[in-house]
Amino acid sequence: MSDKYDVIVIGAGPGGYVAAIKAAQLGLKTACVESWVSKDGKHKLGGTCLNVGCIPSKALLEISHKFEEANHGFADQGIMAKDVKIDIAKMMERKTGIVDQLTGGIAGLFKSNGVTTIEGHGKLLANRQVEVTDSDANKKVYEADNVIIATGSKPIQIPPAPFTEGYIVDSEGALEFDEVPKRLGVIGAGVIGLELGSVWARLGSEVTIIEAQDSFLPTVDQQVAKDTLKQFKKQGLQIELGSRMTGAEVKRKLVYVNYENADGKQEAKFDKLVVAVGRRPYTDNLLAADAGVNLDERGFIFVDDTCQTDAPGVWAVGDVVRGPMLAHKASEEGIMVAERIAGHKPQVNYDCIPNVIYTFPEVAWVGKTEEQLKAEGEAYKVGTFPFAANGRAMAANSASGLVKIIADEKTDRILGFHVTGPQASEIVAQGVIAMEFGSSAEDLALTCFAHPTLSESVHEAALAVNDGAIHIANRRKKK
Ligand SMILES: Cc1cc2nc3c(=O)[nH]c(=O)nc-3n(C[C@H](O)[C@H](O)[C@H](O)COP(=O)(O)OP(=O)(O)OC[C@H]3O[C@@H](n4cnc5c(N)ncnc54)[C@H](O)[C@@H]3O)c2cc1C
């Protein structure tokens, strides 16, 4: 086979592997370069999301939730489960099995779609040439009409808490503890910190999350964030807001953390510390000086709305470019770019990308928050419905949280859709579809929802936007 391709993709995460499959489906001769090698020395596709991100964290969240429920949630339903134990090695084995199955699945999809996998580190040279260095340091240059960069992101390391094997770890390390730490510190109350903190708290760890910002989940609708924080506190997650870490040091097999908050200087002792303060775009040794691709001031590859870089025929998608660092955003961009290369004109609707935090309660949202709309001076109306009034949620013993729908005051068009509660990750899809179709709150209110379902809370929140909810009191009485 010649070394000239229609498309070479660098990186096989959700951005890159999806772009490669779509390009091949569209009849383009496609190769995907990937350098990921797992701890057992095997080359793996799937990127951060499949290997050390979305999938392993969800596996541990599901297992730990079941464990916690069996320990604390069964008795008042009449189920007596005494001394429920967790076998951490078995739990990890299951997680690894799921990861292997899925990463192997991508290799199968590449094969069936005719995508060539090239193992090694890719570097973009001038004129869409890609130099690949394999694990034996052999170099080979490939050529393409189009190159899609999808090299993703890496955890941010902060000077006060240098990673120290077995003690101060990133999210990847926190997915691999071989025992439950007695006391776990987490720096950062963002999505990753909350999810990993929840996993180990449910398994018995005393978890403290230290967060520099004063408000909890500042980008989430604040009514939803406050309701969620209340639930987390009930579960015993200690979340220290407005607390800035100043140093972390490993002494006598413990991590000593110093931080400052409104009450002054604080010190805490943990068995392990997870640093989850964010991720940075990954472009290490990726771009030759004459590749023609520019970075923005934060280190992201500079692209336009269609993910084109400054170099003709070179595109970039996913975590390595602006926008939310989410797997589904990366994949949507990958599909858009493959279709554009094939001559179509699709666009990603960045206003309709859902966000999810897979804690319990789950938190999910799409569109604008009340705070954003206020700041923009938009006139809006709000409908909310609590799961406490939802029969299905009560039957499932998970009746906390709410659905909140925000609609334009004049046109009734849905502008924001927010959920905290059971299966929020699934429920939010209804908001995404509604918004994609330009739905009004009344459109949802006129739709028939099955009874009893959690989704009825969406129906009721939509009814509540125009003060017509049936199963709660409305803000204003209808005249
Ligand atoms: C703990 C955790 C949990 C997460 N949970 C979720 C979640 O539930 N839902 C969600 O939407 N998102 C989640 N994310 C974020 C999600 O993982 C990322 O948004 C997603 O992986 C981005 O996809 P990507 O294709 O841009 O990059 P990545 O998945 O990072 O893939 C990039 C790939 O490129 C390869 N690569 C890099 N440079 C080169 C090179 N020069 N040559 C060859 N190969 C290279 C890397 O090895 C990697 O395989 C989570 C992240 C973490 C860390």
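Just above sits the structure.
One structure accompanies this document, and this report is about it.

Criteria and cut-off values
- Residues numbered from 1 in each chain as written.
- Predicted model: local features only at pLDDT ≥ 70, side-chain atom pairs only at ≥ 80, totals over all residues.
- Heavy atoms only, no water.
- Pairing = 2+ DSSP bridges.
- Helix = DSSP H or I, 4+ residues; strand = E, 2+ residues; numbered from the N terminus.
- Axes fitted to C-alpha atoms, helices over the stretch in contact; angles between N-to-C directions.
- Buried < 20%, exposed > 50% of the residue type's maximum accessible area, 1.4 Å probe, protein only.
- Core = buried A, V, L, I, M, F, W, Y, C linked by side-chain atoms within 4.5 Å.
- Contact = heavy atoms within 4.5 Å.

Considering the sheet that holds strand 14 (residues 264-270)
Alright, step 1. Taking strand neighbours across the sheet as the criterion, the 3 strands line up as 12-13-14 in an open arrangement whose pairing is antiparallel. The open sheet has two edge strands with one neighbour each: strand 12 (244-251) and strand 14. This sheet shows a mean twist of 20° between the axes of neighbouring strands, independent of strand direction.
Alright, step 2. The sheet contact formed by strand 12 and strand 13 (residues 254-261) spans 7 bridges and is antiparallel. Within the sheet, the bridge partner assigned to lysine 251 lies in strand 13 and is leucine 254.

Thoughts on unusual backbone geometry
Alright, step 1. With omega at 0°, the peptide bond leading from phenylalanine 360 into proline 361 counts as cis.
Alright, step 2. Among the secondary structure elements, proline 361 is positioned in the loop between strand 18 (355-357) and strand 19 (362-367).
Alright, step 3. For lysine 253, which is not a glycine, the phi torsion comes out positive at approximately 60°.
Alright, step 4. When you line up the elements, lysine 253 lands in the loop between strand 12 and strand 13.
Alright, step 5. Not every positive phi belongs to a glycine, and glutamine 423 is a case in point at roughly 55°.
Alright, step 6. Mapped onto the elements of the fold, glutamine 423 is located in the loop between strand 22 (414-421) and helix 11 (424-436).
Alright, step 7. A relative accessible area of 46% means that glutamine 423 is categorised as partly exposed.

Some details on the sheet that holds strand 15 (residues 272-275)
Alright, step 1. The strand order 8-15-9-10-11 describes an open sheet built from 5 strands, whose pairing is parallel. Here the strands that pair on one side only, and so sit at the sheet edges, are strand 8 (168-169) and strand 11 (238-240).
Alright, step 2. Pairing between strand 9 (residues 183-187) and strand 10 (residues 206-210): 5 bridges, direction parallel. Bridge pairing in strand 10 links glycine 185 to threonine 208.

Here we look at the nonpolar core
Alright, step 1. In terms of nonpolar packing, the biggest core is built from 35 residues, with Met91, Trp200, Ile209, Phe216, Ile239 and Val274 touching the most fellow members.
Alright, step 2. Of all elements in the fold, only helix 3 (54-73), helix 4 (88-113), strand 9, helix 6 (191-202), strand 10, helix 7 (222-234) and strand 19 reach the threshold of two or more residues within this core.
Alright, step 3. Apart from residues no more than four positions distant in its own chain, valine 274 is found in contact with Val169, Asp170, Ser171, Ala174, Phe177, Leu184, Gly185, Val186, Ile187 and Leu196.
Alright, step 4. Within the second largest apolar cluster, 30 residues are counted, among which are Ala12, Ala19, Leu326 and Ile353.

In short, the description is geometric, and any link to function would need to be established separately.
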